[in-house]
Amino acid sequence: MVTHVPAEARGDERGALLAFIEAQRGGLRRTVLGLTEEQAASRPSASELSLSGLLKHVAECELSWLRMAQERPNEKQRDESTWHESFKLVGDETVPQMLAFWDAIAKETEEFIHSVPSMDDTFPLPQAPWFPKDGRVSMRWMLLHLIEEIGRHAGHADIVRESLDGKTAFELVALANA
């Protein structure tokens, strides 16, 4: 990681986990700095991944986990017929819209986590072959999973960006701070 995550206040587990999530979000957000919509949508490697598609995917992924934790319906729920659209911008979607969408979800995630009585509170996992039958996870587990998920895709985004124009994460941090 090329940025410092500030230490949490003593005993502030929620703050610490949310700070690490935000650090991973920042890494992915920076990969689109200075790019056109066409550049952000391009796929410079054998992979199907693009920077704008990664932005959309992680925003929708965070929304999905947030809605599961809230035990509310997901307004962006995907199924087999629309799954492919979660990795690319469609219609009139733009990078600034995806960034704003993700910012709103991030704010909602933070507010929700600060409102839950305990990080030990649980919610049910959806029916899926990779989840245990009748499985439940804690709020803590969800935040750790988001760190993992966003971090994994931030790494993908670093490679895609470097393939586009050679800019590394270090250069993008400097550009963001300029």
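Before any of the text, the structure's been laid out above.
What counts, and where the lines are drawn
All residue numbers refer to position in the chain's written sequence, counted from 1. Thresholds applied to this predicted model are a pLDDT of at least 70 for local features of residues and 80 or more for the giving and counting of side-chain atom pairs; totals over whole chains, interfaces and linings are not thresholded and use all residues. Remark: hydrogens and water are excluded; side-chain values derive from all non-hydrogen atoms of the structure. Put simply, a nonpolar core is a bunch of buried Ala, Val, Leu, Ile, Met, Phe, Trp, Tyr and Cys residues held in one set by side-chain atoms that sit within 4.5 Å of each other. Exposed residues in this analysis have more than 50% of their type's maximum accessible area, buried residues have under 20%, and partly exposed residues fall in between, with area computed by a 1.4 Å probe over protein chains only. Each helix corresponds to a stretch of at least 4 residues labelled H or I by DSSP, and each strand to a stretch of at least 2 residues labelled E; elements are numbered beginning at the N terminus. Two residues qualify as a contact provided that any one of their heavy atoms is within 4.5 Å of a heavy atom in the partner residue. Both site types are read off a 1 Å grid over the protein atoms alone. A 1.4 Å probe that fits but cannot get out defines a cavity, while an open set with protein on both sides within 12 Å along at least five of seven lines defines a pocket; lining residues have an atom within 4 Å of a point. Grid points are joined across faces, edges and corners, and a volume is the space filled by probe spheres set on the points.

Asks: What's the story with the nonpolar core in this structure? I'm lost.
Replies: A general tendency of soluble globular proteins is for nonpolar side chains to be buried together. Grouped together as the largest cluster of nonpolar side chains are 41 residues, with contacts concentrated most on W65, I113, F123, M139, M142 and L143. Elements with a minimum of two residues in this core: α1 (13-30), α3 (51-70), α4 (95-115) and α5 (139-165). Considering every element that reaches this core, the biggest residue donor is α3, with 11 residues. Contacts of W65, omitting those with residues within four sequence positions, involve F123, L125, F131, W141, M142, H145 and L146.

Asks: Even after reading the chapter, I still don't get the layout of surface pockets, so can you show me in this structure?
Replies: The method is simple in principle: a probe with the dimensions of a water molecule rolls over the atoms, and the space it marks as empty is what remains. Each pocket or cavity is described by its volume, and for the largest pocket that value is around 760 Å³. Taken together, 24 residues form the lining of the largest pocket, with S64, M68, Q77, W83 and W130 sitting closest to its centre. At the level of elements, α3 and α5 are the ones that each hand at least two residues to the lining of the largest pocket. For the lining of the largest pocket, the leading source of residues is α3, giving seven residues.

Asks: Explain the environment of P126 here, please?
Replies: Position of P126 relative to the elements: it lies in the loop between β1 (122-124) and β2 (136-138). Take P126: its relative accessible area is 32%, and that puts it in the partly exposed class. Separated by 10 residues in the primary sequence, P126 and R136 place their C-alpha atoms 9.0 Å from one another. Every residue in contact with P126, bar those within four places of it in the chain, is listed here: M68 and F131.

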